[in-house]
Amino acid sequence: MRILSADTKQGGPAMTSDAVTRNTVGWIGAGRMGFPMAELLLKAGADVTVYNRTAAKAEPLAAFGAKIVASPADLADRDVVFAMVAGPDDLRAVIAGPDGLLSDPAATPRIVVDCSSVDEEASDDVRRALAERGAQFLAAPVSGNGKVVEAKKLTIVSSGPGDAFDEVRALLEAMAPSGVTWVGEGDLARTCKICHNVMLGVVIQCLSEITVLAERAGVPRSAFLEFINASVMGSTFTRYKSPALVNLDYTTTFTPPLLRKDLDLGLSLGRALDVPMPVTALTREILSTVVGKGHTDIDFSILLQHEAEGAGHALVAENVTVDDGLG
């Protein structure tokens, strides 16, 4: 298995801008993630044509050189097509639906790269449909959100044909200069994303517990998190979440139901592979309690409030400026 990162490549020098401009690019999905990712490709010099279900949301990309089209079928003549859509049914529709990428029998991209978070069933369906037309498929889920993309700290894990990965690697790096990793064939990247999000859930629950513990003892949240972030236990994630935890800003980046779904996927995988996951199981039940309280359309950092309520501790926003580490 090859493990390739943004600063390593098996056999050969680092990619140049020529590798970004070599292929024409189609882009499907200009939402909170897709828009800034496509923007980075355009700023890197790529020739990008964009489809979004609501065309008006994609139109600002024209200022960076994008061409906007009316359907995924209009991207069929592109060399490489990326998808960043909401879910599995959306992916099936934009690839194999009536107006999808494969609806024109006369044209097919050489490579399709899916950056969405979808299940392996949808991924398999799309891979088979593309293979029937001679196209290669890469799974390339991402770690981060729109703000992380803009800060150029997005990371991408990819799996699928190694030669296809080599072909699009420079394009992936243009969007995720912090790290692009190829982990093997098939849908192994989906497994990595599930494992990533399991860790996300466990870490935010642990961080919520210890932050409430420290505050209950008299330590301001801002001071405690400053200490954690400066220590060996600090991470990009703990720094990024600190402003929300200090100032009780639960603006949605990822909801408790979505996180619970990913923990369920992780637990299911653990059962299939005989890997016990007791910490994940407990975190999943805590999330179910949070969801049961109606916290469904709010950020998963609401776990801090849930933990405080369990301790009979009232949280108050500190209203101080906290560095999120994104620059």
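These numbers come from a predicted model, not from an experiment. (Residues numbered from 1 in each chain as written. Predicted model: local features only at pLDDT ≥ 70, side-chain atom pairs only at ≥ 80, totals over all residues. Heavy atoms only, no water.)

Participant: Describe the state of the cysteines, listing the residues and the values that go with them.
Facilitator: Inspection of the entire model under this criterion finds 0 disulfides. We note that Cys115 lacks a disulfide partner, and the nearest cysteine sulfur, in Cys192, lies 15 Å from it. The exposure class of Cys115 is buried, given its relative accessible area of 1%. For Cys192, which is in no disulfide, the shortest distance to another cysteine sulfur is to Cys195 and amounts to 6.5 Å. Residue class for Cys192 comes out partly exposed when judged on its relative accessible area of 32%. (Disulfide = S-S within 2.5 Å. Buried < 20%, exposed > 50% of the residue type's maximum accessible area, 1.4 Å probe, protein only.)

Participant: Give me the lowdown on the packing of helix H9 (residues 221-230) against helix H10 (residues 236-247), citing residues and values where you can.
Facilitator: Axis angle and axis distance: for two packed helices, these are the angle between their axes and the distance between the axes, and together they describe the pair. At a closest axis distance of 10 Å, the pairing of H9 and H10 adopts a crossing angle of 175 degrees. Here H9 lies roughly antiparallel to H10, going by the angle between them. For the pair H9 and H10, the contacting residues are Arg221, Ser222, Leu225 and Asn229 in the first and Thr238, Arg239, Ser242, Leu245 and Val246 in the second. (Axes fitted to C-alpha atoms, helices over the stretch in contact; angles between N-to-C directions. Helix = DSSP H or I, 4+ residues; strand = E, 2+ residues; numbered from the N terminus. Parallel < 35°, antiparallel > 145°, perpendicular 65-115°, else oblique. Contact = heavy atoms within 4.5 Å.)

Participant: Give a description of the pattern of salt bridges that names residues and reports values.
Facilitator: Under the defined criterion, the tally for this structure stands at 19 salt bridges. Among the salt bridges present, the one from Asp89 reaches Arg92, with a minimum N-O distance of 3.2 Å. With a gap of 3 residues between them, Asp89 and Arg92 both fall in helix H4 (residues 88-96), about one helical turn apart. On the basis of relative accessibility, which here comes to 58%, the residue Asp89 falls in the exposed class. According to the relative accessible area criterion, Arg92 is partly exposed, its value standing at 24%. Asp264 serves as the salt-bridge partner of Arg284, at 2.7 Å between the closest nitrogen and oxygen. (Salt bridge = Lys/Arg side-chain N within 4 Å of Asp/Glu carboxyl O.)

Participant: Describe helix H8 (residues 188-216), naming the residues involved and giving the relevant values.
Facilitator: Counted at 1.5 Å a residue, the expected span for H8 with its 29 residues is 42 Å, and the 42 Å between its end C-alpha atoms agrees. Positive backbone phi, approximately 115 degrees, marks Gly218, located one or two places after H8. (Expected span 1.5 Å × (residues − 1).)

Participant: Go over the side chain of Ser123, please, and point to the residues and values.
Facilitator: Mapped onto the elements, Ser123 comes out in helix H5 (residues 120-131). Given a relative accessible area of 0%, Ser123 falls into the buried group. In contact with Ser123, not counting residues within four places along its chain, are Val118, Phe137, Asp187 and Arg190.

Participant: Before we move on, could you go through the sheet that holds strand S3 (residues 67-68) and cite the residues and values that matter?
Facilitator: Strand order in this open sheet of 6 strands is S3-S2-S1-S4-S5-S6, and the pairing throughout is parallel. Across the chains shown, the open sheet's two edge strands, defined by having one partner strand only, are S3 and strand S6 (136-139). Two elements, strand S4 (residues 80-83) and strand S5 (residues 111-114), share 4 bridges in a ladder whose sense is parallel. Looking across to S5, one finds that Phe82 is bridged to Val113. (Pairing = 2+ DSSP bridges.)

Shape is all these values report; function is a separate question.
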